[in-house]
Amino acid sequence: MQADEREPTPQSQSLVTMATAGAVGGLAGAAIKLVCEAIVPPRSPDREPPPGVIAANVVRAVNGRELSSERQNSVALWIHWFFSVATSVMYGVIVSRSPRASPKKGIGFGIAVWAGLHEITLPLLRATPPLRKLPIGEQVNELISHVIFGTTVEYVRGAVLAAASGSKGERA
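Remember, it's a predicted structure, so these values are computed and weren't measured experimentally. (Residues numbered from 1 in each chain as written. Predicted model: local features only at pLDDT ≥ 70, side-chain atom pairs only at ≥ 80, totals over all residues. Heavy atoms only, no water.)

## Remarks on the nonpolar core
Counting six residues, the largest nonpolar core is built from Y91, V95, F109, V113, F149 and V153. Mapped by element, the contributors of at least two residues to this core are helix 3 (69-96), helix 4 (104-124) and helix 5 (136-165). Discounting chain neighbours no more than four positions away, the residues touching F109 are T87, S88, Y91, F149, G150 and V153. (Core = buried A, V, L, I, M, F, W, Y, C linked by side-chain atoms within 4.5 Å. Buried < 20%, exposed > 50% of the residue type's maximum accessible area, 1.4 Å probe, protein only. Helix = DSSP H or I, 4+ residues; strand = E, 2+ residues; numbered from the N terminus. Contact = heavy atoms within 4.5 Å.)

Structural data, given as structure tokens:
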């Protein structure tokens, strides 16, 4: 691929532009992940979403109250959007400064989010069962939906940067 076909150079992008591109990518990625979860639910219906479990645990620890299942689902949705945008902003800034940025990095980003969150953090926080007790189908479902998430983030991030720089949709 030739240099003039790549996204704008880091020197031509402001931090705000890189972060904004990541945020817009994160919103799109979060929406796509919710669509994936609506088509193929990521867990059995009797389990609450992990972000809701974390919120319920925090509320219980802070004031001794219980969150209703409805409230847990609502909080889980907000956490989903916030986490998606926050991680995508960080990703957008980091990958924009990388001379080796490419759409393939979106796949790596999705896998990194899945591994860091679903394979390590959520079990440690007891928001999901230990890995050995999770059905393999659930783990595969989460992995695939996170690859789709990361790919979406990267594609949209690149399109926003291309639009911001005035290029004709050319991407890395």
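## Here's the deal with the side chain of N141
With respect to the helices, strands and loops of the structure, N141 is situated in helix 5. Under the relative-accessibility criterion, N141 is labelled buried at 14%. When near neighbours in sequence (up to four residues on either side) are disregarded, N141 contacts V40, P41 and P42.

## A short note on helix 1 (residues 15-39)
In this model helix 1 runs 36 Å from its N-terminal to its C-terminal C-alpha over 25 residues, within 8% of the 36 Å that 1.5 Å per residue would give. By the burial criterion, the buried members of helix 1 are M18, A21, G22, A23, G25, G26, G29, A30, K33, C36 and E37. Looking at the buried side of helix 1, the elements it contacts are helix 3 and helix 5. (Expected span 1.5 Å × (residues − 1).)

## Let's talk about the packing of helix 1 against helix 3
Relative orientation of the contacting elements helix 1 and helix 3 amounts to 140°, with a least axis distance of 7 Å. When the axes of helix 1 and helix 3 are compared, the pair comes out oblique. Helix 1 and helix 3 meet at a crossing whose hand is right-handed. Counted together, L15, M18, A19, G22, A23, G26, L27, A30, A31, K33 and L34 of helix 1 and L77, H80, W81, S84, V85, S88, V89, G92, V93 and S96 of helix 3 form the full contact between these two elements. Tallied by class, the residues present in the contact of helix 1 with helix 3 amount to 13 nonpolar, seven polar and one charged. (Axes fitted to C-alpha atoms, helices over the stretch in contact; angles between N-to-C directions. Parallel < 35°, antiparallel > 145°, perpendicular 65-115°, else oblique. Left-handed = near helix turned anticlockwise from the far one by under 90°. Nonpolar A, V, L, I, M, F, W, Y, C, P; charged D, E, K, R; others polar.)

## Topic: the packing of helix 3 against helix 4
Axis separation between helix 3 and helix 4 bottoms out at 12 Å; the angle between their running directions is 135°. Considered as vectors, helix 3 and helix 4 are oriented oblique to each other. Between helix 3 and helix 4 lies a crossing of right-handed hand. Contacts between helix 3 and helix 4 involve F83, T87, S88, Y91 and V95 from the first element and K105, G106, F109, V113 and L117 from the second. Here the contact of helix 3 with helix 4 is composed, by residue class, of six nonpolar, three polar and one charged.

## Section: the layout of surface pockets
Where empty space is left can be seen by rolling a probe of water-molecule size over the atoms. The space that makes up the largest pocket amounts to roughly 610 Å³. Forming the boundary of the largest pocket are 32 residues, of which E37, R43, P49, P51 and H80 lie nearest the centre. Listing elements by their share of the lining of the largest pocket, those giving two or more residues are helix 1, helix 2 (50-63), helix 3, helix 4 and helix 5. Within the lining of the largest pocket, the residues separate by chemical class into 18 nonpolar, eight polar and six charged. (1 Å grid on protein atoms, 1.4 Å probe; cavity = no way out; pocket = protein on both sides within 12 Å on 5 of 7 lines; lining within 4 Å. Points joined across faces, edges and corners; volume = space filled by probe spheres on them.)

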